[in-house]
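# Reading the structure
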Amino acid sequence: MAEGATEAPAESGGGGDSGAGALERGVAPIKPQYLTTKERFHEFLEAKGQEKPSQETEAGDPGGNDLGEPEAKRIRLEDGQTGDGRTEDGQTEDGRTEDGRTEEAAEPGEQPQAQKRARGQNKGRPHVKPTHYDKDRLCPSLVQEPATQCAFGARCRFLHDVGRYLAAKPADLGPRCVLFETFGRCPAGVTCRFAGAHLGPGGRNLVRQEQGVQAPPVRNGLDKALQQQLRKRQVRFERAEQALRQLSRGQLPGPPSAVPEATEAEGAPAQDPQELGTVAPASGPVQTCGALTDEDIVRLRPCEKRRLDISGKLYLAPLTTCGNLPFRRVCKRFGADVTCGEMAVCTNLLQGQTSEWALLRRHQCEDIFGVQLEGAFPDTMTKCAELLNRTVDVDFVDINVGCPIDLVYKKGGGCALMQRSGKFQQIVRGMSQVLDVPLTVKLRTGVQERTPLAHRLLPELRTWGAALVTLHGRSREQRYTKLADWRYIEQCVAAASPMPLFGNGDILSYEDANRAMQTGVAGVMIARGALLKPWLFTEIKEQRHWDISASERLDILRDFTHYGLEHWGSDTQGVERTRRFLLEWLSFLCRYVPVGLLERLPQRLNERPPYFLGRDYLETLLASQRAADWIRISEMLLGPVPRDFVFLPKHKANAYK
């Protein structure tokens, strides 16, 4: 993709510490006056961190808290998780994390055992339960408004004394509550970590009557009744079962009958087609209301499906962990046209798992939004597609056929489907049959680097029912050790025609996007480029390099924390969840090099940044690749971390001691 760039090399500890990194292969070319050594870099940050909050930190902490990080909060990493920089590492552009990493060398003079490559996922990361922070939690019956009587009575293990709870509650993290200012009422009530902004006498939660109580503008939540029905397996899937029967007999799925078979079966109770339509009630018919219309009974034929016309639009890739709803809101603000939820496992959705259904939530600003499903078998994928077709509001459904991690691949999902063409065909045909919205597919070039498969599958996908395909220009075996193969993507454009094909890989500037569009693709999908610089969408649309200041970047992080508090809540659990997602994002943001510091434009994804001192302290702090400094940034936005707080990034190569 990038001219003159070659395979990302193994990390070199000497290049990052010497000041000659600008001339080193695979290292971002930074102007010599900004280059420094690793020791001087961290000495500068530690000296500043021990001082009183500077002008930047005062601006970031309206509460005036002392943001100096105590020694007890220093990050604790496992042995062997060292490295002074990264190349093409990070989260997979399909969403899931990977265990194949670019090699990283240890610092000169270290013991031989420290030269072990920092690879893969930190599977032993500490899992902090919600009760870890709030030992004395208030009963939910007292938090909700109006307060109700606790159904558990004396058996309830939570507190029912508001005064006692407030006496033991930690101090507020700041004087302003984002939810109260945005919606006129804070749902967290007395449990809010910014409760001083909206608590009246006796711990009463205040409401701004003149503003009106607005509901959070988020859709696609999981209904409790539906969750219980899924857990008890009371949901029936007539359309999916009909399509699967036809596929098992070798027949192509035809248009479904006007009335589902189950509703005409002998002894089956009548059900409302507008309802979920698949729940077998214990007794008696389902209560219905309203007039029955043709839309309730008559299903769309394939030729009548809603078309997905997103050619030329900027598509934000589904990114697990970092591609959450608050991050997508940030990207939408900077010009992303199409967004997609994080990869959801179809079996977990069919079991009614709350955490998996949370990946489907959609904000009102996401005008073109889809969800991505992962699965290995036609029955579960087709049934999940029918379930989503009735319960969520999306513009398209995407199949993940690009996830390279072993956890998915060894079960037959992700990239493995490219080698299981029979199952792959049944999945695409079955899902296309039961969906009323377009079906899209995301592929890699293949499994092995020298045996591409995408050009053979693309013509088939068009006949199977896919409306659009996105191709990531790398194989599963290749991972991120080489650049994306845009020449192969150009060949696949002709193979996919007239079906639109989006390209994906190594886009970090508007020049990269322009070269990608010259291959004939219908549009570009942006993944890690958006993690490094979410304002990339603005740069592409305005065709310019944006030398964004450190204070503007901090404002972006502050907006993310506000969106996170709206999404996950402003109580202790919501604040710490927002903090952890912020820290995961900072493990990618630190790789950005400001435009004004580069000798050559643009920065490329396969070029790691050497150690440099920015134009001010905040710019230098944002460039730190040490997790302890990311925690310091989070304290500037969300207040002090809890006692004994520990953070390990998802990847071992994403931070070092």
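Residues numbered from 1 in each chain as written. Predicted model: local features only at pLDDT ≥ 70, side-chain atom pairs only at ≥ 80, totals over all residues. Heavy atoms only, no water.

Let us look at the overall build of the chain. For the chain, the helix and strand inventory stands at 25 helices and 11 strands. Here the chain, with 657 residues, has 57% of them falling under the buried criterion. Counting contacts in the chain only where the partners sit at least 6 residues apart, residues at least 24 apart contribute 72% of the total. Taken as a whole, the chain presents about 28000 Å² of accessible surface, with 48% of it coming from carbon and sulfur. (Helix = DSSP H or I, 4+ residues; strand = E, 2+ residues; numbered from the N terminus. Buried < 20%, exposed > 50% of the residue type's maximum accessible area, 1.4 Å probe, protein only. Contact = heavy atoms within 4.5 Å. Areas by Shrake-Rupley, 256 points an atom, 1.4 Å probe, with all protein chains shown as cover.)

Burial analysis of strand S9 (residues 468-472) places 5 of its 5 residues in the buried class, the great majority of the element. Burial along S9 is two-sided: Leu468, Thr470 and His472 facing one way and Val469 and Leu471 facing the other are all buried. The pairing of strand S8 (residues 439-444) with S9 spans 5 bridges and is classified as parallel. Note that in S9 the partner of Leu443 across the bridge is Leu471. The handedness of the S8 to S9 crossover, carried by helix H17 (residues 454-464), is right-handed. Chirality of the crossover, the property in question, places the unit of S9, helix H18 (residues 486-496) and strand S10 (residues 501-504) among those that are right-handed. (Pairing = 2+ DSSP bridges. Right-handed = clockwise from strand over helix to strand, strands pointing away.)

Once that is clear, we can look at the UniProt feature "domain: C3H1-type" (unreviewed entry) in the chain. When the UniProt feature table is mapped to this numbering, "domain: C3H1-type" (unreviewed entry) covers residues 133-163 and 176-201. The straight-line gap between the two end C-alpha atoms of residues 176-201 is 18 Å; of that span, 23% is helix and 0% is strand. (UniProt positions renumbered as here; feature names shortened; annotations may be inferred.)

The next thing to look at is the packing of helix H8 (residues 238-248) against helix H14 (residues 378-391). Taken N-terminus to C-terminus, the directions of H8 and H14 make an angle of 145°; their axes are 8 Å apart at the nearest point. The way H8 lies across H14 gives a crossing that is right-handed. Residue-level inspection shows Glu238, Arg239, Ala240, Glu241 and Leu244 of H8 in contact with H14, the latter providing Pro378, Asp379, Thr382, Lys383, Glu386 and Asn389. Of the residues assigned to the contact of H8 with H14, the class counts are 3 nonpolar, 2 polar and 6 charged. (Axes fitted to C-alpha atoms, helices over the stretch in contact; angles between N-to-C directions. Left-handed = near helix turned anticlockwise from the far one by under 90°. Nonpolar A, V, L, I, M, F, W, Y, C, P; charged D, E, K, R; others polar.)

Here the focus is the nonpolar core. One finds Phe424, Met431, Leu443, Leu461 and Leu557 to be the most contacted residues of the largest nonpolar core, which totals 140 residues. Sequence-distant contacts of Leu557, that is, excluding residues within four places in its chain, are made with Leu582, Trp585, Leu586, Leu589, Leu622, Ile633 and Leu637. Counting residues in hydrophobic clusters, the runner-up holds 9 residues, among them Ile30, Tyr34, Leu35 and Leu598. (Core = buried A, V, L, I, M, F, W, Y, C linked by side-chain atoms within 4.5 Å.)

Under the defined criterion, the tally for this structure stands at 10 aromatic pairs. Taking the centre distance of 5.9 Å and the plane angle of 75° together, the rings of Tyr315 and Phe502 count as edge-to-face. Of this pair, Tyr315 sits in strand S2 (residues 314-316) while Phe502 sits in strand S10, and the two are 187 residues apart along the sequence. Taken individually, Tyr315 and Phe502 each receive the classification buried, so the pair is uniform in this respect. In this structure an aromatic cluster arises from ring pairing among Tyr315, Phe396 and Phe502. The cationic tip of Arg476 hangs over the ring face of Tyr409; the distance from NZ or CZ to the ring centre is 3.8 Å. (Phe/Tyr/Trp six-rings, centres within 6.5 Å; stacked < 30°, edge-to-face > 60°. Lys NZ or Arg CZ within 6 Å of the ring centre and 35° of its normal.)

Right, let's get into the environment of Arg632. Within the secondary structure, Arg632 sits in helix H25 (residues 627-638). Arg632 gets classed as buried once you look at its relative accessible area, which sits at 6%.

In this section: the pattern of salt bridges. All told, the structure shown has 27 salt bridges when counted by the stated rule. As a salt-bridge pair, Glu181 and Arg176 come within 3.0 Å of each other at their nearest N and O atoms. Owing to a relative accessible area of 32%, Glu181 belongs among the partly exposed residues under this scheme. Note that Arg515 and Asp512 form a salt bridge whose closest N and O atoms lie 2.7 Å from each other. You can see Arg515 and its partner Asp512 sitting in helix H19 (residues 510-517), 3 residues apart, about one turn around the helix. It is possible to trace a salt-bridge network through shared partners that takes in Glu46, Arg626, Asp629 and Arg632. (Salt bridge = Lys/Arg side-chain N within 4 Å of Asp/Glu carboxyl O.)

Attention now moves to H18. Those residues of H18 lying buried are Trp486, Tyr488, Ile489, Cys492, Val493 and Ala496. With its buried residues spanning 155° around the axis, H18 presents them on a single face. Residues of H18 that are exposed and point over 90 degrees away from its buried face: Arg487, Gln491 and Ala494. Against H17, S9, S10, H19 and strand S11 (523-526) lie the buried residues of H18. The distance from a side-chain oxygen at the start of H18 to the backbone nitrogen of Arg487 is 3.3 Å, and the residue carrying that oxygen is Asp485. (Arc of directions from axis to C-beta. Polar contact = N/O pair within 3.5 Å; in protein donor to acceptor, adjacent residues only side chain to side chain.)

Before going further, it helps to spend a moment on the environment of Arg328. Among the secondary structure elements, Arg328 is positioned in helix H11 (residues 325-333). When its relative accessible area of 2% is taken as the criterion, Arg328 is described as buried. For the pair Arg328 and Ala317, spaced 11 residues apart in sequence, the C-alpha to C-alpha distance is 9.8 Å. Ignoring any residue separated from it by four or fewer positions in sequence, one finds Arg328 in contact with Leu316, Gly323, Thr339, Cys340, Gly341, Glu342, Arg361, Glu366 and Phe369.

Moving on: H8. Owing to its 3.6 residues per turn, the α-helix brings residues three or four apart onto one side. By the criterion of burial, H8 is predominantly enclosed, with 8 of the 11 residues buried. Of all the residues in H8, the buried ones are Glu238, Arg239, Ala240, Gln242, Ala243, Leu244, Gln246 and Leu247. Where H8 ends, the next residue or the one after it, Gly250, has phi of about 80°, a positive value.

We now examine the pairing of S8. A large share of S8 lies buried, amounting to 6 of its 6 residues. In S8, alternate side chains face the same way, and those of Leu439, Val441 and Leu443 on one face and Thr440, Lys442 and Arg444 on the other are all buried. In this sheet, S8 lies alongside strand S7 (residues 396-401) in parallel orientation, the contact comprising 5 bridges. Bridging from a neighbouring strand, Val397 pairs with Leu439 of S8.

Right, let's get into the packing of helix H23 (residues 572-589) against H25. One can describe the packing of H23 onto H25 by two numbers: an axis separation of 10 Å at closest approach and a directional angle of 135°. When the axis of H23 is compared with that of H25, the two are oblique. Considering the relative orientation of H23 and H25, their crossing is right-handed. Of the residues in H25, those touching H23 at Val575, Thr578, Arg579, Leu582, Leu583, Leu586 and Ser587 are Trp630, Ile631, Ile633, Ser634, Glu635, Leu637 and Leu638. (Parallel < 35°, antiparallel > 145°, perpendicular 65-115°, else oblique.)

Attention now goes to unusual backbone geometry. Leave glycine aside and you will find that most residues have negative phi; peptide bonds, for their part, are mostly trans. With an omega dihedral of 10°, the bond running from Ser497 to Pro498 counts as a cis peptide bond. Mapped onto the fold, Pro498 is located in the loop between H18 and S10. Its identity is not glycine, yet Asn220 carries a phi of approximately 70°, on the positive side. Mapped onto the elements, Asn220 comes out in the loop between strand S1 (218-219) and helix H7 (224-231). Taking the relative accessible area as the measure of exposure, Asn220 reaches 7% and is therefore buried. Here Asp506, not a glycine, exhibits a phi torsion of approximately 65°, which is positive. Mapped onto the elements, Asp506 comes out in the loop between S10 and H19.

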